[in-house]
Structure formats: structure tokens, C-alpha cells
Amino acid sequence: MIRAALIALTALLLLAAPARAQELTRDFGPEAATGLLRLRSTTDISVLGPVIEAFLARRPGLRIAYEQWGSNALYGLQSADCAAGRAGADLVISSAVHQMVDLVNEGCARPYRSALTAALPDALIWRDELWGVTREPAVMVYNRDLVAAAQVPHSRFDLLDLLRPTESPFRGRVATYDIERSGLGFLFAFADSMEATTFGGLMESFGRSGAIATCCSAEIIDGVAEGRYLVAYNVLGSYALVRARHDARLGVIAPRDYTLVLSRAAMIPAAAGQPRAAAQFVDFLLSAQGRAALEAAGLVVRLEGEDGAALELGGAVETLQRPIALTPALLIALDAHKRALFGARWRDAFPAPPPAAP
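As the structure is a prediction and not an experimental result, all values here were calculated from the model.

> Which residues make up the overall build of the chain, and what values do they have?
Within the chain, the regular secondary structure consists of 13 helices and 15 strands. When the 358 residues of the chain are sorted by exposure, 54% land in the buried category. Intrachain contacts of the chain at a sequence separation of at least 6 include 80% that bridge at least 24 residues. Here the chain has roughly 15400 Å² of accessible surface; of this, 57% comes from carbon and sulfur atoms.

In C-alpha cells, the structure reads:
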């Protein structure tokens, strides 16, 4: 009861700030449709839109109201809906999968099982209430025009070497997600801390070299393309690859020491008003047709071999993949004490800028 109350209070605080409203909304399908599915997701509308349209192509009686949210705000909203027993969304898809595991753990999801969900590997399904529907690596992005071939980092060890010299040209020009603003950024950083012996060294090097912690994939990738940053670390590969295929300035690398692989998680809320349509969309995403649409959108990335000229595997077969499994182990990332310790360590590496002079 205490935990549920705390979650509800956190949700209300998250929703209190005006900046935490949904980022974008869009309706898909005919206005005359008799059925309406409300979908909330962290995925950019421009990316998931074609997938939604492919799903609706044979369903003229259905319309989808899409809401794009930041991961922390979406988590807060769904927690509040769950605590109130409110039918907000019919389907939720988020890249911050640790938050989705927590929602399921709190009884906020409706179970569903089909031949397609049952065929998922154990790492991509939990309790028949959470399903991994994409395949996206965490990558490094660099500016091809400004980073010499000999300096391109193909691993975390290479990145450490770039940041080590006192007069390194990479000082102040390496960027990553701000984990206090991005649920996905927190998840990647926390996974690194559990996985890599290099994590402590990276945090120290980021702090010493003036690395930038900022928000959002698009902002970081723009910064690399424009030359404000030379390298970006732990960027969501799906977005980076889509940009790189149309922008020759961008290089994208799956680190050869290991590559985190994320599967966005889908959940049907317990109070969903259209659970049948939501289940149909989940099955579509897992079907051959849906996988093809997701791959065309860049949301399913193959790491077993070259996945187009934009992705550099830094050793192809040698790249070690580390899938982020949808299991209760992710709840560790939400433990208040561990988050506080991790946040303090992060702030040591990325101190807040001083306030502007009056």
C-alpha cells in the first residue's frame, strides 16, 4: 500500500509541471471509424506513423489516437491512471522498459497470450503482460567530417583513450543522454554500470573532459551532425541509423566490446477500453508483416551482419550483444536508494551549470 501511494504521489508530481504534457498528438485512420484505439508511446510519431498506417490498412473501422510522450512523463501518467483505475490508454509502448516492468509489477497491465506472443524468447516477454516489440542497439555516433579515421572509437576503451589527453580535441565535445531527464538514458547508463568494467572510468573521463549530458536523441544527433559534438555515446541506434542513411556527416558504430540491445516494451493497461484492438496491434507488431514495417522504420536493426552502409559493427561477428531482458531484475534500477547513489555519481561527472548572472 505504501509503495502504491508513493507511486501515485510521484505520478502527480510528474504531471504537475506543464512541460510534461504530451509532446505531440496525431490521429490515424478514417474519421468515420467506429472504433478508437488510444496509443501512448515514447516513439517519435514520424518513426512509428508508417507502422500504424500499415496496421490500419486492412482495418477501415478503426482509428488510432496517438500520443507521443517523454518516458518519465509517460511513466507518471500511467502510474496515476493505474492508481485511479482510470481507462487512459488502450496500449502503451515505451523505450524505458524498466519503468514498464514496474507498471506490470504493480498490477497495471492486462494479460494477453497468442501464438505470436508465446513464440517470443523469454527475454522479451514477462507474465504475458509485457512484450518486446523492437530491436534497437545503443550506439556511438560520430561526425565523419571532423573525426579522423584513426580516431573513430570502435569500443568504450577507444573512447576512454580519446578523452585521456589533457589537450584532447574531444574535450567538451562528447555528448550523451541526461539520465535525470531521460528514462531511456538512465536505463542505458544503469545497464552499463552493471555490465562494464569501463563504466567507472567513463564517468571519471566524462567529468574530467567536460562531456555534455543533454536531452533527447534528435538533439544529440543534430549536435553531432552540426559539429557541436564530435562523438555521442549510448544513443538509440534506430534513430541514429535513420538519420545517417540520409546524412553523410554521421557515422554510427555498434561498440565491439559489447552492444546493449533494447526492445521497446508494449503493455495493455488493466483498464483499457479497447483491449481487443490493442491485442491485435501487438500481434501485428510481432507478425511477419509488422516486423517488415518495423524494419523499414528502423525499429528492428540486424546486428548479425552489415545492416546497411550506415552501421559500422566494429568487428561484425565479434560484436557482443547484450539484450536488456524484460525481467524483474530491471526493478533494481528503480530502487530509491540505488537511484540516489547512482544519481549522485552521475552529478559528480555532469555537474549542473552555474546559474546565469542577473
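That was the structure; now back to the text.
> Describe the packing of aromatic side chains, naming the residues involved and giving the relevant values.
Here the structure, examined in full by the defined rule, presents 11 aromatic pairs. Measuring from centroid to centroid gives 5.4 Å for F186 and F342, while their planes differ by 75°, and the two rings are edge-to-face. Here F342 lies in helix α13 (residues 336-349) and F186 lies in helix α7 (residues 183-195), a separation of 156 residues in the sequence. With a relative accessible area of 3%, F186 lands in the buried category.

> Describe in detail the state of the cysteines, supporting the description with residues and values.
Tallied over the full model, the rule gives two disulfides. Paired by a disulfide, C82 and C108 hold their sulfur atoms 2.1 Å apart. Of note, the bridge from C82 to C108 carries an S-S torsion of about -90° and is left-handed in sense. Pair noted here: C82 is in helix α3 (residues 71-84) and C108 is in the loop between α4 (97-105) and α5 (115-118), with a separation of 26 residues, a long-range link. Take C108: its relative accessible area is 6%, and that puts it in the buried class. A sulfur-sulfur separation of 2.0 Å characterises the disulfide bridge that pairs C215 with C216. Classification of C216 by relative accessible area gives partly exposed; the value is 34%. Disulfide partners in the chain, listed by the sequence order of the bonded cysteines, are 1-2, 3-4.

> Give me unusual backbone geometry: which residues, what numbers.
For D128, which is not glycine, the phi dihedral falls at a positive 55°. Locating D128 in the fold gives a position in the loop between β5 (125-126) and β6 (130-132). In the Ramachandran plot, C216 falls in the positive-phi region, its phi being about 80° despite a non-glycine side chain. Among the secondary structure elements, C216 is positioned in the loop between β9 (212-214) and α9 (217-226).

> Got a sec to walk through the packing of helix α6 (residues 156-163) against helix α8 (residues 199-209)? Specific residues and values, please.
Orientation of α6 relative to α8, taken along the N-to-C sense of each, is 30°, at an axis distance of 10 Å. If you check the angle between α6 and α8, you find them roughly parallel. Crossing angle aside, the handedness with which α6 passes α8 is left-handed. From α6, R156, L159, L160 and L163 reach across to α8, where they touch G201, L202, S205, F206, R208 and S209. Across the contact of α6 with α8, the residue classes tally to five nonpolar, three polar and two charged.

Calculation criteria
Residues numbered from 1 in each chain as written. Predicted model: local features only at pLDDT ≥ 70, side-chain atom pairs only at ≥ 80, totals over all residues. Heavy atoms only, no water. Helix = DSSP H or I, 4+ residues; strand = E, 2+ residues; numbered from the N terminus. Buried < 20%, exposed > 50% of the residue type's maximum accessible area, 1.4 Å probe, protein only. Contact = heavy atoms within 4.5 Å. Areas by Shrake-Rupley, 256 points an atom, 1.4 Å probe, with all protein chains shown as cover. Phe/Tyr/Trp six-rings, centres within 6.5 Å; stacked < 30°, edge-to-face > 60°. Disulfide = S-S within 2.5 Å. Axes fitted to C-alpha atoms, helices over the stretch in contact; angles between N-to-C directions. Parallel < 35°, antiparallel > 145°, perpendicular 65-115°, else oblique. Left-handed = near helix turned anticlockwise from the far one by under 90°. Nonpolar A, V, L, I, M, F, W, Y, C, P; charged D, E, K, R; others polar.

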